[in-house]
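Residue-level structural notes
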Amino acid sequence: MRRAASQTPLQVLTLALLLCALSASAAVEGPGREQFIRTAAARGLIQVDGQLDEEDWASAPVFDAFVQRFPTAGAVPSERTELRILYDSNYVYFGIVAHDSQPALIDRRLGRRDSVLTTDQVQLIIDPTHDHRTGYYFWLSAGGIQGDGLYLDDNSSTADWDGVWDGAVGKVENGWVAEFAIPLIVLRFPDAPVQTWGFSVRRKIARLNEELESVNNPRTSNATISRLGHLTGIEVEPRQAVELVPYIATRGILRPQFSDPARPRPRLMEPLLDVGLDLKAALTTDLALNATFNPDFGQVEADQLILNLSRFEALFPEKRPFFTQGLELFKSVGSELGTVPQSLFYSRRIGLTTPILAAAKLTGTAAKGVNVGVLDALVTGPWQEQDEEQPDRQWRLYPSRPLHLGPNSSLPDSPQPPTNFLAAVARGAVGENSRLGIGIASATPLVSGCTPEEAALDDDDQPAECLARGGLGAAADFDLSTANSEYRVLGQVDASRVVGGPPERTLADGTVLRRWATGYGGYIRAGKYGGEGLRWNVGYDFSTPTLELNATGFQRTQNESAPRATLKYERPNGLGPFKSFSAGITSTASWTSDGRGVFRGIRWAGNVGALLPSFDYILAEAGGDLGGYDIRELDGTGIPLQLDRTLYVLLYTETNGNRPVVLSGLVAADFRDRGPASSTAIWAVNMALSLRPHPSLETRLEVSKDTSRYSPRFVENLGDNRFLLGNLDSHYLSVTLRQQWVLHPRLTLQVYGQLFTAYGVYGQLYEGVSDAARSPIRFSGLTRTEGVAENFYETALNLNVVLRWEYRLGSTLFLVYTRSQQGLPTPDGEVPPATLMPRSLLSGPGIDAVMLKWSYYWSA
């Protein structure tokens, strides 16, 4: 088994080189390369009102040669669409008349900005740098809702970018009108006498589930930016503009006086004040600077509450605007295909525990075809030991956080190690549609090293030097694609070094990570990712035991050698009665890379999915784990513990999103062979209901319930490589409500609430024994024993209410209420309740906060 695993990367590399050799012959020109759409200069003032009644619109060239993109690629559209484009020294204007033979059926439902809407809408896609890899998109719904985002790596998109632009919709006798005014300072484009940009327009007709585009680009192409047409005739020069957004945020927080969750009363009121500034500046025509000082993200929705009983960190999405906008360049290659095993930069490492004093990022083009990005952030803040019996109510400004004001009782009571985070990346174009890149990332503690004596102290007594977790990472990546992106070979090689912190620490698999320790790893993917019919890819992941990218990035595990393979059959444009169809199977095996070659398991999954003629979607999937050993379970010793074998089946369905009532649901059954415990079958359910009773209202209710019965899990280290293990039954229930009320396209009220309850009960206990050689503990070697394993019960409620008003372009006013409620803990000596009812929830500690945040947009 070990020998086969060691040969896999050579086989993958051979295949990768073969694909590279074939890529030139497989290259084709996108259909948009010969299409040119011309603009006209505006002589008068254009009023953005959705009317297109100025004389300049009447004289602008008209383009109407749209084609279907879905459901019948290349077919004649069912409705006509007219496009006109104007420009002046400050804006590019787009006027689109969406004709409709049944105007009463136009879907004008509302939503918040950037929300995923299944309404009638039109979208602009613009590649102003004309690099065939990156671009912007802007959309307007028939109800007047705006959205925007970025395209990266040709076909991957993100809605996390926000630009300040104007748009309006209007009605005509046989359809509707979308009018865009995109400021030139929003776009990066070269200095040239006449601009030529990549460009297309997409239109969605909701009731027909039809998608049109100004250039023929079917879904099977696996490409977007490289297949755009051209927009030409704009005679403007780029400007070095500056955009400033200062803000003031004031909040009142009502929290328990004591940190002990068993003492939720009395509560303290803490008023806080923050001021800050966001800045955007075009340093040159090719480089843009974004900076923030004392950023505040109080309007951001809370993270979802989950139950994580694994030895692996959960990956949460980034929601903070400074980090979501403009960070596409820092994403690891292949991220658009799914979660990558090693990511050099994970922005949530910055500022979640220690406040951000300032941060800046520089992005743009250093030379023709070479994109660069640099981000630097400094986290630091004051702290003091707290006397909870007599809270310090004095107010004081601190140099480490000069733009924040509040009572000393609101300060953290543990050291906050100041740390500087740096990430830099450069990627250059190679050939038609390929790129090579390099990147570095570092977390540098701005404190001296922790001594062995300090590291030996209790956690509560350790200084900031011991709490710092610094590191340095470097990577080189590649993405070699055919011109139509149908075939790709991509991957990354990386290395890490530990900086600062304690002299040594032990990872979950028993690896001792010493200061200045180095490690390396990487991954590769190669295959056919586009086109009709068969698609396939193979890959390989590798990491040494001492690879540690988590100081700045995200790395779920290390000490791994894992080949993988996927085979799919894809018909995006339909198969028989289905509007789209897909089927596939994937498998991953894993061994340790530490020389022991411990088998960590084989995972496989196969699924079949189809879009029905009614545009409802169904998916059936089966998969499982074929056993192996867990090297992270037993208290950081690295002793392998046998895993149970599992088989699951699931059925997922989602009804047509254009209906007023949308239902999605997942039902899964999990069958486990648990070794010394009896085999078991368990169920999991996830249901979501969306209601749109009115164009301005949307209610979404999601309910998840899960039961898991584990084979013997770690309970206690008994010493001498002896461990107390126990069967664990865990249960959780999550009820999430999202309510949205759109009072106006720029005035929205959002409510988010999640009620979460979980409990776990230990059953039969076992003793497992290993030896000095760290031999595996198998189910057959476990012996029944007596002992104590603590059951658990927890319940919590998160609530966010956000009123957002964009009172002028780019300027916003937020009124936010949040509540974080924890259940009262089980008293000592009592058995935690085995129920999913929220017991003693409102009696427990809760934190209430009200925030008013005002920002003002200014540009020059």
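Treat the numbers as computed from the prediction; the structure is a model and nothing was measured.

A look at the pattern of salt bridges
Tallied over the full model, the rule gives 44 salt bridges. For the salt bridge of Arg-80 with Asp-64, the shortest nitrogen-to-oxygen distance reads 3.0 Å. On the criterion of sequence distance, the pair formed by Arg-80 in the loop between strand 3 (67-70) and strand 4 (81-87) and Asp-64 in the loop between helix 2 (55-59) and strand 3 is long-range, its members being 16 residues apart. What makes Arg-80 partly exposed here is its relative accessible area of 40%. On the basis of relative accessibility, which here comes to 37%, the residue Asp-64 falls in the partly exposed class. Across the salt bridge formed by Lys-319 and Glu-301, the nearest N and O atoms sit 3.9 Å from each other. Pair noted here: Lys-319 is in the loop between strand 17 (287-293) and helix 3 (321-324) and Glu-301 is in the loop between strand 17 and helix 3, with a separation of 18 residues, a long-range link. Each of the salt bridges in this network shares a partner with another, and the network as a whole consists of Arg-69, Arg-202, Glu-211, Glu-213 and Arg-219.

Brief notes about the nonpolar core
One finds Leu-83, Phe-94, Phe-138, Phe-180, Trp-197 and Phe-199 to be the most contacted residues of the largest nonpolar core, which totals 37 residues. Mapped by element, the contributors of at least two residues to this core are strand 4, strand 5 (91-99), strand 6 (121-127), strand 7 (135-141), strand 11 (175-183), strand 12 (195-205) and strand 14 (229-234). Setting aside chain neighbours within four positions, we find Leu-83 in contact with Ile-37, Pro-61, Val-62, Phe-63, Phe-66, Gly-95, Ile-96, Phe-199 and Val-201. Within the second largest apolar cluster, 22 residues are counted, among which are Phe-322, Leu-327, Leu-344 and Ala-551.

Brief notes about empty space enclosed by the protein
Under the defined criterion, the tally for this structure stands at three cavities of 30 Å³ or more. One number sums up the size of the largest cavity: a volume of about 120 Å³. Every element with two or more residues in the lining of the largest cavity is listed here: strand 22 (419-430), strand 23 (434-445) and strand 24 (470-481). The residue makeup of the lining of the largest cavity, split by class, is 11 nonpolar, three polar and three charged. Here the second largest cavity defines a volume of roughly 70 Å³. Looking at the second largest cavity, the residues that line it are Pro-382, Arg-396, Leu-397, Tyr-398, Arg-401, His-404, Leu-405, Gly-406, Pro-407, Asn-408, Ser-410 and Leu-411. Taken together, the residues of the lining of the second largest cavity break down into six nonpolar, four polar and two charged.

Details of the state of the cysteines
This structure, assessed with the given rule, holds one disulfide. Here Cys-450 pairs with Cys-466 through a disulfide, and the sulfurs are 1.9 Å apart. Here Cys-450 and Cys-466 share a disulfide; its torsion about the S-S bond, 70 degrees, makes the bridge right-handed. Note that Cys-450 is positioned in the loop between strand 23 and helix 4 (452-455) and Cys-466 in helix 5 (residues 464-467), a separation of 16 residues in sequence. Each member of the pair, Cys-450 together with Cys-466, is buried.

Remarks on the packing of aromatic side chains
The geometry of an aromatic ring pair is captured by two quantities: the separation of the ring centres and the angle between the planes. Scanning the entire structure with this criterion turns up 20 aromatic pairs. Ring plane angle 25 degrees and centroid distance 6.2 Å describe the contact between Trp-854 and Tyr-856, whose orientation is recorded as stacked. Accessibility expressed as a relative area gives 34% for Trp-854, which makes it partly exposed. In this structure an aromatic cluster arises from ring pairing among Tyr-136, Phe-138, Trp-165 and Phe-180. Sitting over the face of the ring of Tyr-529, Arg-488 holds its NZ or CZ atom 6.0 Å from the ring centroid. Here the basic side chain of Arg-556 rests over the ring of Phe-312, its NZ or CZ set 3.8 Å away from the ring centre.

Points about the pairing of strand 7
Where burial is concerned, most of strand 7 is hidden: seven out of the seven residues are buried. Covered by surrounding structure in strand 7 are Gly-135, Tyr-137, Trp-139 and Ser-141 together with Tyr-136, Phe-138 and Leu-140, the residues of both alternating faces. Where strand 6 and strand 7 come together, six bridges link them in antiparallel fashion. Each residue of the ladder has a partner; that of Val-122, found in strand 7, is Leu-140. Here strand 7 runs beside strand 8 (residues 146-152); their pairing, made up of six bridges, is antiparallel. From the neighbouring strand, Trp-139 faces strand 8, where its bridge partner is Gly-147. The turn joining strand 7 and strand 8, which pair antiparallel and follow one another in sequence, is formed by four residues; a positive phi near 95 degrees is taken by Gly-144.

A look at unusual backbone geometry
Of the consecutive residues Phe-70 and Pro-71, the connecting peptide bond is found in the cis state with omega at 10 degrees. Along the chain, Pro-71 falls in the loop between strand 3 and strand 4. Between Arg-265 and the following residue, Pro-266, the backbone shows a cis peptide bond with an omega angle of 0 degrees. The topology assignment puts Pro-266 in the loop between strand 15 (242-256) and strand 16 (267-282). Even without being glycine, Ser-840 reaches a positive phi, approximately 55 degrees. Of note, Ser-840 is situated in the loop between strand 45 (811-822) and strand 46 (846-855).

Points about the sheet that holds strand 4
The five strands lie next to each other as 2-4-5-11-10, forming an open sheet whose pairing is mixed. Since the sheet does not close on itself, it has two edges, and those belong to strand 2 (40-41) and strand 10 (166-172), each with one partner. Bridging between strand 2 and strand 4 involves two bridges; their strand directions are parallel. Each residue of the ladder has a partner; that of Ala-41, found in strand 4, is Tyr-87.

About the criteria used
Residues numbered from 1 in each chain as written. Predicted model: local features only at pLDDT ≥ 70, side-chain atom pairs only at ≥ 80, totals over all residues. Heavy atoms only, no water. Salt bridge = Lys/Arg side-chain N within 4 Å of Asp/Glu carboxyl O. Helix = DSSP H or I, 4+ residues; strand = E, 2+ residues; numbered from the N terminus. Buried < 20%, exposed > 50% of the residue type's maximum accessible area, 1.4 Å probe, protein only. Core = buried A, V, L, I, M, F, W, Y, C linked by side-chain atoms within 4.5 Å. Contact = heavy atoms within 4.5 Å. 1 Å grid on protein atoms, 1.4 Å probe; cavity = no way out; pocket = protein on both sides within 12 Å on 5 of 7 lines; lining within 4 Å. Points joined across faces, edges and corners; volume = space filled by probe spheres on them. Nonpolar A, V, L, I, M, F, W, Y, C, P; charged D, E, K, R; others polar. Disulfide = S-S within 2.5 Å. Phe/Tyr/Trp six-rings, centres within 6.5 Å; stacked < 30°, edge-to-face > 60°. Lys NZ or Arg CZ within 6 Å of the ring centre and 35° of its normal. Pairing = 2+ DSSP bridges.

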